[in-house]
Amino acid sequence: MEPSRSPGKRRGLTAIDGALALIAILLIVQMWLLTASLEAFLAGHREAALPAAIISGFLFLVCLALYLFVDRLDSEIREKHEPPMNTDEHG
């Protein structure tokens, strides 16, 4: 880790890393749910399809919310910790 990073930037990057890890875990759970519900549906257990679709939709919304959180946090960190761009067109 670079010693020049501020504590606020490190904290933000840690939050982003945690959120991305949680997204990865939730997507793995969603793939497992799809596999299990498809297997149950093909075996003739049609009643499992609707609850699985509802849970999968919920997991999608949670992943979307986490993605939006990461995107917002990343833009805030970049805005605070990057030097302003030089807009001088002479050089």
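About the criteria used
- Residues numbered from 1 in each chain as written.
- Predicted model: local features only at pLDDT ≥ 70, side-chain atom pairs only at ≥ 80, totals over all residues.
- Heavy atoms only, no water.
- Helix = DSSP H or I, 4+ residues; strand = E, 2+ residues; numbered from the N terminus.
- Buried < 20%, exposed > 50% of the residue type's maximum accessible area, 1.4 Å probe, protein only.
- Contact = heavy atoms within 4.5 Å.
- Phe/Tyr/Trp six-rings, centres within 6.5 Å; stacked < 30°, edge-to-face > 60°.
- Lys NZ or Arg CZ within 6 Å of the ring centre and 35° of its normal.
- Salt bridge = Lys/Arg side-chain N within 4 Å of Asp/Glu carboxyl O.
- Expected span 1.5 Å × (residues − 1).
- Core = buried A, V, L, I, M, F, W, Y, C linked by side-chain atoms within 4.5 Å.
- Axes fitted to C-alpha atoms, helices over the stretch in contact; angles between N-to-C directions.
- Parallel < 35°, antiparallel > 145°, perpendicular 65-115°, else oblique.
- Left-handed = near helix turned anticlockwise from the far one by under 90°.
- Nonpolar A, V, L, I, M, F, W, Y, C, P; charged D, E, K, R; others polar.

**Q** I'd love a proper account of the overall build of the protein, names of residues and values included.
**A** Of the regular secondary structure elements, the protein holds two helices and zero strands. Here the protein holds 91 residues, and 18% of them are scored as buried. Across the protein, the fraction of contacts at a sequence separation of at least 24, relative to all contacts at a separation of at least 6, is 79%.

**Q** Kindly report on the packing of aromatic side chains, identifying the contributing residues and their values.
**A** Remark: the centre distance and the inter-plane angle together describe each pair of aromatic rings, the angle taken between the planes. With the rule as written, the count across this model stands at zero aromatic pairs. For R46, the ring lying beneath its charged end belongs to F41, and the centroid distance is 4.5 Å.

**Q** Talk me through the pattern of salt bridges; I want residue IDs and the actual numbers.
**A** According to the stated counting rule, one finds two salt bridges in the structure shown. Residue D74 pairs with R78 through a salt bridge whose shortest N-O separation is 3.0 Å. Residue D74 and its partner R78 are both found in helix α2 (residues 49–81); the two are separated by four residues, about one turn of the helix. For R78, a relative accessible area of 46% corresponds to the partly exposed category.

**Q** Any chance you could break down helix α1 (residues 7–42) for me, citing the residues and the numbers?
**A** With 36 residues, α1 should cover 52 Å at 1.5 Å per step; its first-to-last C-alpha distance of 52 Å lies within 8% of that length. Inspection of α1 places G12, I16, A19, I23, L26, Q30, L33, S37 and A40 among the buried residues, and these make up the whole buried set. In the segment just after α1, G44 is the residue with positive phi, at about 100 degrees.

**Q** Give me the nonpolar core: which residues, what numbers.
**A** Counting twelve residues, the largest nonpolar core is built from I16, A19, I23, L26, L33, A52, L59, C63, L66, V70, L73 and I77. The element best represented in this core is α2, accounting for seven residues. If we ignore the near neighbours within four places in the chain, the residues touching I16 are V70, L73, D74 and I77.

**Q** Outline the environment of G57, listing residues and values.
**A** Looking at where G57 falls in the secondary structure, it is placed in helix α2. According to the relative accessible area criterion, G57 is partly exposed, its value standing at 31%. The spacing of G57 and Q30 is 27 residues in sequence and 9.3 Å in space, taken between C-alpha atoms.

**Q** Describe the packing of α1 against α2, and please don't skip the residues or the numbers.
**A** At a minimum axis separation of 9 Å, α1 and α2 run at an interaxial angle of 165 degrees. When the interaxial angle is binned, α1 and α2 end up roughly antiparallel. Of the two elements, α1 crosses α2, and the hand of that crossing is left-handed. Of the residues that constitute the contact of α1 with α2, the class distribution is 25 nonpolar, six polar and two charged.

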